[in-house]
Amino acid sequence: MKFFIDTANLVQIREAQDLGVLDGVTTNPSLMAKEGITGHDNIINHYKAICDIVEGDVSAEVIAIDYATIIKEGEILAALNPKIVVKVPMIKEGIRAIKYFSSKGIKTNCTLVFSAGQALLAAKAGATYVSPFIGRLDDISTDGLGLISDIRLIYDNYGFQTQILAASVRHPMHIIDCAKLGADVMTGPLSAILALLKHPLTDSGLQQFLADHAKAAGQ
Ligand code: E4P
(Lines give C-alpha, C1' and ligand atoms only; values in the text may rest on other atoms or scores of the structure.)
Protein backbone atom coordinates (compact mmCIF):
# COMPACT_ATOMS: atom_id res chain seq x y z
CA MET A 1 0.00 0.00 0.00
CA LYS A 2 1.29 3.46 -0.89
CA PHE A 3 1.47 6.08 1.88
CA PHE A 4 0.55 9.66 0.98
CA ILE A 5 0.59 12.52 3.48
CA ASP A 6 -2.50 14.71 3.52
CA THR A 7 -1.14 18.18 4.18
CA ALA A 8 0.30 21.29 2.56
CA ASN A 9 2.69 21.82 5.49
CA LEU A 10 6.24 21.67 4.12
CA VAL A 11 7.83 20.81 7.49
CA GLN A 12 5.55 17.79 7.92
CA ILE A 13 6.05 16.73 4.30
CA ARG A 14 9.84 16.87 4.80
CA GLU A 15 9.57 14.86 8.04
CA ALA A 16 7.51 12.15 6.32
CA GLN A 17 9.87 12.14 3.34
CA ASP A 18 12.88 11.78 5.66
CA LEU A 19 11.26 8.72 7.24
CA GLY A 20 11.71 7.03 3.87
CA VAL A 21 8.20 5.60 3.53
CA LEU A 22 6.42 8.45 1.75
CA ASP A 23 4.95 7.78 -1.69
CA GLY A 24 3.21 11.09 -2.32
CA VAL A 25 1.19 14.05 -1.08
CA THR A 26 -2.45 15.09 -1.26
CA THR A 27 -3.58 18.65 -0.73
CA ASN A 28 -6.93 20.38 -0.96
CA PRO A 29 -8.03 24.03 -0.84
CA SER A 30 -8.71 23.82 2.91
CA LEU A 31 -5.23 22.43 3.61
CA MET A 32 -3.63 25.16 1.46
CA ALA A 33 -5.66 27.84 3.26
CA LYS A 34 -4.61 26.36 6.63
CA GLU A 35 -0.97 27.06 5.68
CA GLY A 36 -1.90 30.61 4.64
CA ILE A 37 -1.20 29.93 0.95
CA THR A 38 -3.40 32.28 -1.09
CA GLY A 39 -3.17 33.94 -4.49
CA HIS A 40 -2.41 32.21 -7.79
CA ASP A 41 1.37 32.69 -7.78
CA ASN A 42 1.81 31.60 -4.17
CA ILE A 43 -0.32 28.51 -4.74
CA ILE A 44 1.65 27.56 -7.85
CA ASN A 45 4.97 28.13 -6.06
CA HIS A 46 3.80 26.03 -3.13
CA TYR A 47 2.96 23.08 -5.38
CA LYS A 48 6.42 23.41 -6.94
CA ALA A 49 8.00 23.40 -3.48
CA ILE A 50 6.11 20.23 -2.53
CA CYS A 51 7.21 18.55 -5.78
CA ASP A 52 10.84 19.43 -4.94
CA ILE A 53 10.57 17.57 -1.61
CA VAL A 54 8.79 14.34 -2.55
CA GLU A 55 9.48 11.66 -5.11
CA GLY A 56 5.90 10.51 -5.76
CA ASP A 57 2.59 11.92 -6.93
CA VAL A 58 1.34 15.28 -5.64
CA SER A 59 -2.39 15.96 -5.85
CA ALA A 60 -3.25 19.59 -6.64
CA GLU A 61 -6.93 20.47 -6.63
CA VAL A 62 -8.77 22.63 -9.15
CA ILE A 63 -11.03 25.34 -7.76
CA ALA A 64 -13.34 25.59 -10.78
CA ILE A 65 -16.58 23.66 -11.01
CA ASP A 66 -17.39 24.29 -14.68
CA TYR A 67 -15.89 22.09 -17.39
CA ALA A 68 -13.94 24.69 -19.37
CA THR A 69 -12.29 26.22 -16.32
CA ILE A 70 -11.54 22.83 -14.74
CA ILE A 71 -9.68 21.93 -17.96
CA LYS A 72 -7.83 25.26 -17.99
CA GLU A 73 -6.78 25.03 -14.33
CA GLY A 74 -5.91 21.34 -14.61
CA GLU A 75 -3.67 21.86 -17.63
CA ILE A 76 -1.80 24.65 -15.84
CA LEU A 77 -1.32 22.45 -12.76
CA ALA A 78 -0.25 19.38 -14.78
CA ALA A 79 2.34 21.45 -16.66
CA LEU A 80 4.10 22.39 -13.39
CA ASN A 81 5.72 19.02 -12.81
CA PRO A 82 5.20 15.40 -13.98
CA LYS A 83 4.47 14.51 -10.33
CA ILE A 84 1.30 16.61 -10.33
CA VAL A 85 -2.03 14.77 -10.22
CA VAL A 86 -5.00 17.00 -11.02
CA LYS A 87 -7.56 16.64 -8.26
CA VAL A 88 -11.09 17.05 -9.57
CA PRO A 89 -14.34 17.02 -7.57
CA MET A 90 -16.93 14.28 -8.07
CA ILE A 91 -19.45 16.34 -10.01
CA LYS A 92 -20.84 15.94 -13.54
CA GLU A 93 -18.42 18.49 -15.00
CA GLY A 94 -15.63 16.85 -13.04
CA ILE A 95 -16.30 13.43 -14.54
CA ARG A 96 -16.27 14.96 -18.04
CA ALA A 97 -12.97 16.67 -17.21
CA ILE A 98 -11.44 13.45 -15.86
CA LYS A 99 -12.35 11.72 -19.13
CA TYR A 100 -10.64 14.53 -21.05
CA PHE A 101 -7.51 14.53 -18.84
CA SER A 102 -7.32 10.76 -19.10
CA SER A 103 -7.36 10.98 -22.92
CA LYS A 104 -4.46 13.47 -22.72
CA GLY A 105 -2.38 11.30 -20.36
CA ILE A 106 -2.84 13.72 -17.43
CA LYS A 107 -3.09 11.97 -14.05
CA THR A 108 -6.25 12.64 -12.02
CA ASN A 109 -7.58 12.13 -8.51
CA CYS A 110 -11.38 12.15 -8.26
CA THR A 111 -12.09 13.68 -4.86
CA LEU A 112 -15.08 13.98 -2.50
CA VAL A 113 -16.24 10.43 -3.19
CA PHE A 114 -18.76 9.03 -0.71
CA SER A 115 -20.49 6.18 -2.55
CA ALA A 116 -19.68 3.11 -4.63
CA GLY A 117 -21.67 4.53 -7.54
CA GLN A 118 -19.49 7.63 -7.60
CA ALA A 119 -16.37 5.45 -7.52
CA LEU A 120 -17.69 3.40 -10.44
CA LEU A 121 -18.20 6.57 -12.48
CA ALA A 122 -14.70 7.83 -11.65
CA ALA A 123 -13.19 4.55 -12.83
CA LYS A 124 -15.22 4.55 -16.03
CA ALA A 125 -13.98 8.09 -16.75
CA GLY A 126 -10.41 6.81 -16.38
CA ALA A 127 -9.38 8.44 -13.09
CA THR A 128 -5.88 7.52 -11.92
CA TYR A 129 -7.04 7.66 -8.29
CA VAL A 130 -10.42 7.71 -6.58
CA SER A 131 -10.61 9.28 -3.12
CA PRO A 132 -13.31 7.87 -0.84
CA PHE A 133 -13.39 10.00 2.34
CA ILE A 134 -13.68 7.36 5.06
CA GLY A 135 -13.27 9.63 8.11
CA ARG A 136 -16.05 11.97 7.01
CA LEU A 137 -18.36 8.99 6.48
CA ASP A 138 -17.52 7.67 9.95
CA ASP A 139 -18.29 11.16 11.28
CA ILE A 140 -21.91 10.77 10.15
CA SER A 141 -22.26 7.20 11.47
CA THR A 142 -21.76 5.62 8.05
CA ASP A 143 -19.28 2.80 7.42
CA GLY A 144 -16.28 4.38 5.70
CA LEU A 145 -14.32 1.14 5.59
CA GLY A 146 -17.35 -0.65 4.14
CA LEU A 147 -17.12 1.74 1.19
CA ILE A 148 -13.46 0.80 0.62
CA SER A 149 -14.49 -2.85 0.62
CA ASP A 150 -17.33 -2.24 -1.87
CA ILE A 151 -15.11 -0.27 -4.25
CA ARG A 152 -12.38 -2.95 -4.09
CA LEU A 153 -14.96 -5.61 -5.04
CA ILE A 154 -16.37 -3.57 -7.93
CA TYR A 155 -12.96 -2.60 -9.34
CA ASP A 156 -11.70 -6.20 -9.10
CA ASN A 157 -14.86 -7.55 -10.76
CA TYR A 158 -14.07 -5.55 -13.89
CA GLY A 159 -10.32 -5.01 -13.69
CA PHE A 160 -10.54 -1.22 -13.38
CA GLN A 161 -7.04 0.23 -13.07
CA THR A 162 -8.14 3.26 -11.00
CA GLN A 163 -6.29 3.16 -7.68
CA ILE A 164 -8.33 3.32 -4.48
CA LEU A 165 -6.89 6.18 -2.44
CA ALA A 166 -8.43 5.93 1.03
CA ALA A 167 -8.75 9.57 2.11
CA SER A 168 -9.85 11.38 5.24
CA VAL A 169 -7.86 8.85 7.24
CA ARG A 170 -7.81 9.93 10.87
CA HIS A 171 -5.88 7.33 12.90
CA PRO A 172 -3.62 4.27 12.64
CA MET A 173 -6.47 1.73 12.74
CA HIS A 174 -7.90 3.32 9.59
CA ILE A 175 -4.54 2.66 7.88
CA ILE A 176 -4.37 -0.95 9.07
CA ASP A 177 -7.98 -1.67 8.09
CA CYS A 178 -7.49 -0.06 4.67
CA ALA A 179 -4.44 -2.27 4.14
CA LYS A 180 -6.47 -5.36 5.09
CA LEU A 181 -9.19 -4.38 2.61
CA GLY A 182 -6.75 -3.84 -0.24
CA ALA A 183 -6.81 -0.07 -0.68
CA ASP A 184 -4.00 0.83 -3.07
CA VAL A 185 -3.10 4.05 -1.25
CA MET A 186 -3.97 5.81 1.96
CA THR A 187 -3.62 9.50 2.65
CA GLY A 188 -3.59 10.78 6.18
CA PRO A 189 -1.94 13.16 8.62
CA LEU A 190 1.66 12.69 9.80
CA SER A 191 0.30 11.83 13.27
CA ALA A 192 -1.50 8.73 11.92
CA ILE A 193 1.63 7.54 10.10
CA LEU A 194 3.86 8.06 13.14
CA ALA A 195 1.32 6.33 15.40
CA LEU A 196 2.02 3.11 13.48
CA LEU A 197 5.46 3.09 15.14
CA LYS A 198 4.07 2.86 18.63
CA HIS A 199 3.80 -0.23 20.85
CA PRO A 200 4.40 -0.27 24.63
CA LEU A 201 6.17 -3.64 24.39
CA THR A 202 8.61 -2.13 21.88
CA ASP A 203 9.37 0.69 24.31
CA SER A 204 9.75 -1.54 27.39
CA GLY A 205 11.68 -4.18 25.42
CA LEU A 206 14.14 -1.59 24.13
CA GLN A 207 14.63 -0.14 27.62
CA GLN A 208 15.41 -3.63 28.91
CA PHE A 209 17.88 -4.37 26.08
CA LEU A 210 19.72 -1.10 26.73
CA ALA A 211 19.75 -1.66 30.52
CA ASP A 212 21.08 -5.23 30.14
CA HIS A 213 23.76 -4.04 27.73
CA ALA A 214 24.84 -1.29 30.12
CA LYS A 215 24.92 -3.73 33.06
CA ALA A 216 27.04 -6.26 31.16
CA ALA A 217 29.41 -3.48 30.10
CA GLY A 218 29.78 -2.52 33.78
CA GLN A 219 28.27 0.94 33.36
C1 E4P B 1 -8.30 13.95 0.43
O2 E4P B 1 -7.43 13.97 -0.41
C3 E4P B 1 -8.58 15.06 1.35
O4 E4P B 1 -7.54 16.01 1.26
C5 E4P B 1 -8.60 14.65 2.80
O6 E4P B 1 -8.21 13.32 3.00
C7 E4P B 1 -9.78 15.10 3.55
O8 E4P B 1 -9.64 14.72 4.88
P9 E4P B 1 -10.44 15.39 6.08
O10 E4P B 1 -11.78 14.75 6.14
O11 E4P B 1 -9.61 15.04 7.29
O12 E4P B 1 -10.51 16.85 5.81
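All of these numbers come straight from a predicted model, not from anything done at the bench.

Draft legend 1. How the structure looks around the sheet that holds strand S4 (residues 84-89). Overall, parallel pairing links the eight strands, which are arranged S1-S2-S3-S4-S5-S6-S7-S8 in a closed barrel. Adjacent strand axes in the sheet meet at a mean angle of 30° when their direction is disregarded. Inspection of the sheet shows strand S6 (residues 129-132) paired to strand S7 (residues 163-166) by two bridges, in the parallel sense. Its bridge partner lying in S7, Val 130 is registered against Ile 164. Along the sheet, helix H4 (residues 67-80) contacts strand S3 (57-61) and S4; its crossing angle with S4, the most-contacted strand, is approximately 160°.

Draft legend 2. Focus on the pattern of salt bridges. Evaluated as defined, the whole model comprises six salt bridges. One salt bridge connects Lys 107 with Asp 57, and the closest N-O pair in it is separated by 2.7 Å. In this pair, Lys 107 is assigned in the loop between helix H5 (92-103) and strand S5 (108-113) and Asp 57 in strand S3, connecting sequence segments 50 residues apart. Classification of Lys 107 by relative accessible area gives partly exposed; the value is 24%.

Draft legend 3. Representation of the site of the ligand within the structure. Surrounding the ligand, one finds Asp 6, Thr 26, Asn 28, Lys 87, Phe 133, Arg 136, Ala 167, Ser 168, Arg 170 and Thr 187. Lys 87 is positioned such that a nitrogen or oxygen atom in its side chain is 2.6 Å from an oxygen atom of the ligand. One of the side-chain N or O atoms of Ser 168 is found 2.7 Å from an oxygen atom in the ligand. Compared with its free state, where it exposes 350 Å², the ligand has 86% of that area covered by protein. When atoms are counted within 2 Å of each cavity's grid points, the one that captures over half of the ligand is the largest pocket. For the shell around the ligand, the per-class residue count stands at two nonpolar, four polar and four charged.

Draft legend 4. Region of interest: the layout of surface pockets. Approximately 340 Å³ is the volume attributed to the largest pocket. Every residue lining the largest pocket is counted, 19 residues in all, and those nearest its centre are Asp 6, Asn 28, Leu 31, Arg 136 and Pro 189. Of all elements in the fold, only helix H2 (29-34) and helix H10 (190-195) reach the threshold of two or more residues within the lining of the largest pocket. Per element, the largest residue contribution to the lining of the largest pocket is three residues, and it comes from H2. For the lining of the largest pocket, the per-class residue count stands at six nonpolar, seven polar and six charged. Each pocket or cavity is described by its volume, and for the second largest pocket that value is around 260 Å³. If you trace the second largest pocket, you find 14 residues lining it, with His 40, Ile 43, Ile 63, Glu 73 and Leu 77 closest to the centre. Among the elements that make up the lining of the second largest pocket, the one with the highest residue count is H4 (five residues). Here the lining of the second largest pocket is composed, by residue class, of nine nonpolar, two polar and three charged.

Draft legend 5. A look at the nonpolar core. Counting 57 residues, the largest nonpolar core has Val 25, Val 54 and Phe 101 as its most contacted members. Not counting residues up to four positions away in its chain, the partners in contact with Val 25 are Phe 4, Ile 5, Thr 7, Ile 13, Ile 50, Val 54, Asp 57, Val 58 and Ser 59. Val 85, Tyr 129, Leu 165 and Val 185 belong to the second largest nonpolar core, which has five residues in total.

Draft legend 6. Region of interest: the packing of aromatic side chains. Within the structure shown, the criterion is met by five aromatic pairs. A centroid spacing of 6.2 Å and a plane angle of 50° characterise the contact between Tyr 158 and Phe 160, whose relative ring orientation is tilted. On the basis of relative accessibility, which here comes to 21%, the residue Phe 160 falls in the partly exposed class. One aromatic cluster in this structure is built from Tyr 155, Tyr 158 and Phe 160. For the cation-ring pair, Arg 96 lies above Tyr 67, with the distance from its terminal atom to the ring centre recorded as 3.9 Å.

Quick notes on the rules
- Residues numbered from 1 in each chain as written.
- Predicted model: local features only at pLDDT ≥ 70, side-chain atom pairs only at ≥ 80, totals over all residues.
- Heavy atoms only, no water.
- Pairing = 2+ DSSP bridges.
- Helix = DSSP H or I, 4+ residues; strand = E, 2+ residues; numbered from the N terminus.
- Axes fitted to C-alpha atoms, helices over the stretch in contact; angles between N-to-C directions.
- Contact = heavy atoms within 4.5 Å.
- Salt bridge = Lys/Arg side-chain N within 4 Å of Asp/Glu carboxyl O.
- Buried < 20%, exposed > 50% of the residue type's maximum accessible area, 1.4 Å probe, protein only.
- Near = heavy atom within 4 Å.
- Polar contact = N/O pair within 3.5 Å; in protein donor to acceptor, adjacent residues only side chain to side chain.
- Areas by Shrake-Rupley, 256 points an atom, 1.4 Å probe, with all protein chains shown as cover.
- 1 Å grid on protein atoms, 1.4 Å probe; cavity = no way out; pocket = protein on both sides within 12 Å on 5 of 7 lines; lining within 4 Å.
- Sits in = over half its atoms within 2 Å of the grid points.
- Nonpolar A, V, L, I, M, F, W, Y, C, P; charged D, E, K, R; others polar.
- Points joined across faces, edges and corners; volume = space filled by probe spheres on them.
- Core = buried A, V, L, I, M, F, W, Y, C linked by side-chain atoms within 4.5 Å.
- Phe/Tyr/Trp six-rings, centres within 6.5 Å; stacked < 30°, edge-to-face > 60°.
- Lys NZ or Arg CZ within 6 Å of the ring centre and 35° of its normal.

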